[in-house]
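# Results of the structural survey
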Amino acid sequence: MSNIPLDKLQDWSKQGHRTVMGDSLVMLAAEKPEMVTVTADLTPTARLVDFQEKYPDRFFDVGIAEQNLIDFSAGLAVEGLIPYAVDMAAIVPMRPAEQMRMALGYMNLNAKVISIEAGVRFGPLGNTHYGMDDIAVTRAIPNFTVMSPSDPLSIYKTIFAIAEHDGPVYVRLTGGPGFPIMYPEDFDFQIGKAVEYKEGSQVALISTGSMLGPAAEAAGTLEAKGISTRVVDMHTIKPLDTDMLDKVFAENRLIVTVEEHNCIGGLGSAVAEYKAGVEGAPRQVMASLGDEFKKIGDYKFKLKQSGLTAEDIAALAEANL
Amino acid sequence: MGTNTVEYIQEKCAVMRRDVIEMGYVAGGRGAHFGPALSSIEIVASLFFKVMNHDPKDPRWPERDRFVQSKGHACLSYYSALIESGYIDKKYMSTFKQDESFLSGHPSRNIEHGIEISSGSLGNGFGVACGMAKAAKIKNENHKVYCLVGDGECNEGIIWEAAMNAAKNNLGNLVAILDRNGVQLAGKTSDIMDVDLAAMWKAAGWDVAVVEDGNDLNQMIEALEAMKNSTVEKPHMVIANTTKGKGISYMEGSLNWHARAMDEEQYKQAVSDLEAAE
Ligand SMILES: Cc1ncc(C[n+]2csc(CCOP(=O)(O)OP(=O)(O)O)c2C)c(N)n1
């Protein structure tokens, strides 16, 4: 793993999460000879062309067959390779959910599953192409670690960190071309350890993935109105950083969870599940995609439609404080 | 529909290709699946203007033949057939992929406009079509179910699970058409999964016919009519050899036009290619 200079991060920010992942996999391959990449007919879409060219013997396309993507990867993992299975969040984990449970979770295999285009950035393609339920599905599989990094550098760090973690990991990627750089410099990134992105004593905005950007912006709006706002980047949803949550419960009056995911089973649910057992914990409201197949539209339109813009998040917090 | 002449349908194909380009261009930076739609124009036109028994004025007519586009990403060929046969008003063309439009990048069930089922996640449309054909048999209804699948789509396990079950149920009222354009998303179908599809469908228990040129209307109609009138009590498969991006010079057989945005120059070239062909 190396230090990523700012101009590289700027380029990645311009290109979007797929390129960050594709480049990071190539960089990781140079350091980890046992690591291989597997995909299901998504080589150009998932920006794996470079990887395929540089490491043709470590790259496998199973065809449009997502169940086999997982079982084949599992077989590689059984024999000591470290497969990174790459697909899109609308299809994986949903279609091969049972393969992920049986072959990866149950046997606690050292395989990584990465899904591009989680959430609703595939807006005009319609509901078959939205990844709205992937956190819910993977979180319910024992042994799985579930992650959703927020920006170029954190995606790069995730790709490297999970290679050192022995066990199945699901990574959902969000943030299209032009997604903001939230971490311009190196920072402490550990699986299962949330980042306190900004301190604050009244509201706590807890976000995951691409929602860190709007959450941080919303915090600025709230601060301008005199509302002290904490921002937490919960890049690992499972295992949940309960130390961070204990701190939030003790110090903040309102929690707003922010995620590009169904309101059922995602980050908001994970926080609420833990909170249920903590006496005197503060109230929580959720900003999410809701539980509905909504009309199609551009990414911006889709975020607005579900109240996931910075203004919407600030307004939700203010209204509930 | 059955009385239309080949010349008439040929003209429809030309208009449908033009519709595909217009809608895909309207989508702008959102892009469109041009190649997959253009390879399937003659297949879809043969069905909507000749082979299928249906009434655009009565989209809920119980006796209508059903069409399922399992390779849903090619929605533009489907939409253009629905537009040209009267299920969808032309005014909606400009809404393709726009905010709140019902013309999404993959078909979304909308009987009023002739869209029988939602598809776009590959393999599933075909499985559903098999169930629809079985339902017709259970209810003693005489209509047929037509289903368009992709050759890359045949990589999916669900295709073969459904294929075996359709054969077991003797679904002679089911006609699938395989758009064998030889290219999928990441490359040539022969590079990604090099299999003998005709042999595989036969082995699964299907009645298989191969159309040498699925972009030739006469060949396509002949094969589909034969399957429609067949008394063989097996599900029918028409493997149509087609060209991805058919009709647009720079798209034909290209690996680059599975899905992408079209710029103004490419648009002009596409229009002039289509005009030259008329
Ligand atoms: C289950 C599923 N996996 C992957 C995709 C992404 N995808 C869309 S089209 C396509 C290739 C389809 O190829 P083919 O069936 O040959 O159709 P063609 O485009 O050639 O008409 C892929 C992989 C999808 N839509 N659904």
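Residues numbered from 1 in each chain as written. Chains lettered and ligands numbered in written order. Predicted model: local features only at pLDDT ≥ 70, side-chain atom pairs only at ≥ 80, totals over all residues. Heavy atoms only, no water.

For chain A, the helix and strand inventory stands at 12 helices and 12 strands. Its C-alpha atoms put chain A at 60 × 40 × 40 Å along the principal axes. The burial tally for chain A puts 63% of its 321 residues in the buried class. For chain A, restricting intrachain contacts to residue pairs at least 6 apart in sequence, the fraction spanning at least 24 positions comes to 77%. As displayed, chain A offers around 11600 Å² of accessible surface, 52% of which is attributable to carbon and sulfur atoms. Placing the 28 positive and 43 negative side-chain charges of chain A at their respective mean positions leaves the two points 5 Å apart. (Helix = DSSP H or I, 4+ residues; strand = E, 2+ residues; numbered from the N terminus. Buried < 20%, exposed > 50% of the residue type's maximum accessible area, 1.4 Å probe, protein only. Contact = heavy atoms within 4.5 Å. Areas by Shrake-Rupley, 256 points an atom, 1.4 Å probe, with all protein chains shown as cover. Lys, Arg positive; Asp, Glu negative; His and termini not counted. Charge placed at Lys NZ, Arg CZ, Asp CG, Glu CD.)

Ranked by size, the top nonpolar core spans 69 residues in total, and within it Met21, Leu25, Tyr84 and Leu205 of chain A carry the most contacts. Broken down by element, this core gets its largest block of residues, 8 residues, from helix α7 (residues 152-164) of chain A. Composition of this core by domain shows at least three residues from each of domain 1 (6-172) and domain 2 (195-320) of chain A. Not counting residues within four places of it along the chain, the set of residues in contact with Tyr84 of chain A comprises Leu25, Leu28, Met35, Val36, Thr37, Val38, Lys112, Ile114, Ile159, Ile162 and Ala163 of chain A. Formed by 55 residues, the second largest nonpolar core is a distinct cluster that contains Ile88, Ile221, Met227 and Ala240 of chain B. (Core = buried A, V, L, I, M, F, W, Y, C linked by side-chain atoms within 4.5 Å. Domains from an automatic or database assignment.)

Sheets are built from strands that pair by backbone hydrogen bonding, the pairs being arranged parallel or antiparallel. All names here are of chain A. Ordered in space as β2-β1-β3-β4-β6-β5-β10, the 7 strands form an open sheet in which the pairing is mixed. Edge positions in the sheet fall to β2 (59-61) and β10 (236-238), since each has one partner strand and no second. Strand after strand, the sheet turns through a mean of 20° between neighbouring axes, direction not considered. Taken together, the 3 bridges between strand β1 (residues 35-39) and β2 define a ladder with parallel strand orientation. Bridge pairing links Val38 to Phe60 in β2. Strand contacts of α7: β3 (82-88), β4 (112-116), β5 (145-147) and β6 (169-172), with the helix running at about 140° to β3, the strand carrying the most contacts. (Pairing = 2+ DSSP bridges. Axes fitted to C-alpha atoms, helices over the stretch in contact; angles between N-to-C directions.)

As a further point, take the sheet that holds strand β7 (residues 195-198) of chain A. Residues and elements named next belong to chain A. Reading across from one edge, β7-β9-β8-β11-β12 is the order of the 5 strands in this open sheet, with mixed pairing throughout. Looking along the sheet, the strands with just one partner apiece sit at the ends: β7 and β12 (283-287). The average angle at which neighbouring strand axes cross in this sheet is 25°, direction not considered. Its contacts with the sheet put helix α10 (residues 267-275) on β8 (203-207), β11 (254-258) and β12, and the angle it makes with β12 is roughly 165°.

Below, the discussion takes up the interface of chain A and chain B. Each side of the interface is counted separately: chain A has 23 residues, and chain B has 27 residues. Between chain A and chain B lies a buried interface of about 1900 Å² when both sides are counted; carbon and sulfur atoms form 56% of it. The three residues of chain A that bury the most area against chain B are Ile64, Arg95 and Ile296 of chain A, which together make up 29% of that side's buried surface. Between chain A and chain B we count 2 salt bridges in total. (Buried area = accessible area lost by both parts, 1.4 Å probe. Salt bridge = Lys/Arg side-chain N within 4 Å of Asp/Glu carboxyl O.)

This brings us to the domain arrangement of chain A. Residues and elements named next belong to chain A. We note that the domain assignment places domain 1 (6-172) and domain 2 (195-320) within chain A. Each of domain 1 and domain 2 has a C-alpha centre, and these two points are 25 Å apart. Taken together, the contacts link 28 residues of domain 1 with 31 residues of domain 2. Taking both sides of the interface into account, the surface hidden between domain 1 and domain 2 amounts to around 2100 Å²; carbon and sulfur atoms contribute 57%. For domain 1, the biggest contributors to the area lost against domain 2 are Val120, Met132 and Arg139; these three give 31% of the whole. At the boundary of domain 1 with domain 2, the tally comes to 1 salt bridge. Here Glu273 makes a salt bridge to Arg139, at a shortest N to O gap of 2.9 Å. Our count for the contact surface shared by domain 1 and domain 2 stands at 19 residue pairs in polar contact (both at pLDDT 80 or more). For the side of domain 1 that touches domain 2, the secondary structure elements donating two or more residues are α6 (134-139) and β5. A total of 5 residues in the side of domain 1 that touches domain 2 trace back to one element, the largest contributor, which is α6. Residues of the side of domain 1 that touches domain 2, tallied by class, amount to 13 nonpolar, 10 polar and 5 charged. (Polar contact = N/O pair within 3.5 Å; in protein donor to acceptor, adjacent residues only side chain to side chain. Nonpolar A, V, L, I, M, F, W, Y, C, P; charged D, E, K, R; others polar.)

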